[in-house]
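Now for the letters of each chain:
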Amino acid sequence: MARLVFLLLIACLAACAHDYHRAAVNSVPTQIPDRIVLNWSGDPATAASVTWRTDTHITKAEGQIAEADASPNFVTWAKREEARTEKWTRNGYAAHFHSVTFEGLKPNTHYAYRVGSGKIWSSWYQFRTASAKPDSFTFIYFGDAQNNLLALWARTIRTAMLDAPDADFIIHAGDLVNKPNRDSEWQEWFKAGDWIHAKIPSIPTPGNHEYDKDAGKRRLSTLWRPHFTLPENGPTGLAETTYYTDYQGARIISLNSNERIEDQTPWLEQVLATNPNPWTFVTFHHPVYSASKGRDNKDLREAWKPLFDKYAVDMVLQGHDHTYARGHNIGNGVTVRDTTKGTVYVVSVSGPKQSDLRKDRWMTRGAENTQLYQVISVSGNTLHYRAMTAVGELYDAFDLVKQQGEPNTLIERGPGSPERRKNKNTLEKRDDDDKVY
Ligand SMILES: [Fe+2]
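Throughout what follows, the structure given in this document is the object of discussion. (Residues numbered from 1 in each chain as written. Predicted model: local features only at pLDDT ≥ 70, side-chain atom pairs only at ≥ 80, totals over all residues.)

Once that is clear, we can look at the sheet that holds strand S1 (residues 34-39). Here we have four strands laid out as an open sheet, ordered S1-S2-S6-S5, and antiparallel in their pairing. Edge strands, defined here as strands with exactly one partner in the open sheet, are S1 and strand S5 (84-90). Neighbour-to-neighbour, the strand axes of this sheet turn through a mean angle of 20°, independent of strand direction. Judged from the seven bridges that link them, S5 and strand S6 (residues 93-102) form a sheet pairing that is antiparallel. The residue bridging Trp88 from the neighbouring strand is Ala95, located in S6. (Pairing = 2+ DSSP bridges. Helix = DSSP H or I, 4+ residues; strand = E, 2+ residues; numbered from the N terminus. Axes fitted to C-alpha atoms, helices over the stretch in contact; angles between N-to-C directions.)

This part is about unusual backbone geometry. The backbone phi angle of Asn148 is positive, close to 45°, even though this residue is not glycine. For Asn148, the location among the structural elements is in the loop between strand S10 (137-142) and helix H2 (149-163). The phi angle at His322 is positive, at roughly 60°, despite the residue not being glycine. In this fold, His322 is placed in the loop between strand S18 (315-318) and strand S19 (324-328).

Moving on: the nonpolar core. If you look at the biggest cluster of nonpolar residues, it comprises 97 residues, and the most contacted ones within it are Phe139, Ile140 and Ile170. Here this core gets six residues from one element, more than from any other, and that element is H2. Summarising the domain contributions, this core has at least three residues from each of domain 1 (34-128) and domain 2 (137-412). Apart from the residues within four sequence positions on either side, Ile170 is in contact with Phe139, Ile140, Phe142, Ile200, Ser202 and Ile203. (Core = buried A, V, L, I, M, F, W, Y, C linked by C-beta atoms within 7 Å. Buried ≥ 20, exposed ≤ 12 C-beta atoms within 10 Å, placed from the backbone. Domains from an automatic or database assignment. Contact = placed C-beta atoms within 7 Å.)

Moving on, we come to H2. End to end, H2 covers 20 Å across 15 residues, agreeing with the expected 21 Å (1.5 Å per residue, within 8%). Buried within H2 we find Leu149, Leu152, Trp153, Ala154, Thr156, Ile157 and Ala160. Residues of H2 that are buried make contact with S10, helix H3 (183-193), helix H4 (195-199) and strand S22 (372-379). (Expected span 1.5 Å × (residues − 1).)

Okay, here's the thing in C-alpha cells:
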C-alpha cells in the first residue's frame, strides 16, 4: 500500500511538473467559427485565402468579402464565396475545416471579410491586398513556438504585433506545436495569436514537430493541411509545405526540410533561376549552419546552400535549434567568415524551450535563454532587420543594401549589449519536448 501511495505521489508530481507552464484551453469545436487564419494561396495582389474550423453540424459554410470603408455600410456590398469543407477525425473526435479563396481583388486595397453560415458569423477582419508592383513592406519572422503556446508564446506574438502593427505577413519557421496531432496544442497556437492570425497573412513552414511517426513512417500532421490554405506550386507530394509566394518585389520560398531534400533541389533551382524579384527570402526549419550542440544538417547544406550562393539569396530564416544566431555565408573552401558578403542566415526561437548555444565562426551575434521575434522591413534597395526580445528590447540589428552586380553591403546596427546566456533561473528542459529530430 505504501508503495502504491508513493508511486501515485511520484506520478502526480510528474504530471504537475509537466503541466505547470501550460495555460488551460478548451479545444472542442462549436458552430462558431474559430482558428481563423489568413493565407495567400495565389497572387497576394488579387487573392486571399481563409481557413477556419467548426463542429460537424456546420456542413455548408461561406466567406463574405467587401472593399472596406469607414462607413459600416460596406457590409451591404459584400460578395459571397462558398467554402470547401473537409472533415477531420481522431480518436472519435471530429471537426469540420472550411476554406475559401477570394479572387479578383483589387491590388493595394483594404478589404474586410467574415466567415460563417446561417446566423453564425465571425467578426469582420480587415486586410490589405499587395501592390501589383515592387513596394516597401514589413514582415515578422518567428522561430519555434512549439511549447506552452498559450502560456508563454502568446506574449511574443502579442509584443511583435504591437511593435510592428503594419506588418504585411508573418513567417513561422516550423515547430509551431510540439505534438503534431495533439489538437489542444493547435488550439493554443490559434488562441495565442487570435485575431492576428485572421488579419495578417501567415507563411508557415513545417518543422520536425509537425511530423509524427505513423506505422514506422514519418508523416505530416493530419492537421497541417486542414488548418492552412497555402500555394500548391511545389514539387508533387509536398503541397502546402514546399511553395513560393511573390510579394511586392520579393520572392518568399518555403522549403520542407523534413523529407525529400533532394527532390526539392531542382524545383528550388528553377524557382530561383526564374525569380524576377530583387529580394529573395527562403524559410525552412532545420538550419544550414547549426547553433546548438550536437546538431548538424549536412545533407541539407550540401543540397541547398550552393543554390543560395549561386542565386544570391538575401536571407535564410530558420528555427529548430532553440537558440538565436545570426551570421554570414561561409563560401566554398573559405574558412574565414566574411561579414560583409553573401546570404545572411538566422536561427531564432520565439517559444519558451531553450537550448545551449554552440558558438561557431559563422555567427556575428548569438543568444540563449531568450524568446525573440524579428521584424524585417524592405524599402527600395535597403533591408532593415531587427531581432527583438519578447519584452520588446532591441537585441540585434543590421541593414542590407543592394549593390548593382555586387553582393549586398551589410551595416551593423545592433545595440552592442552583452550576449545573453543561460543563468541559474533557466527552465529545465523537459524530457518529452523533443524526441523527434
Ligand atoms: Fe525542431
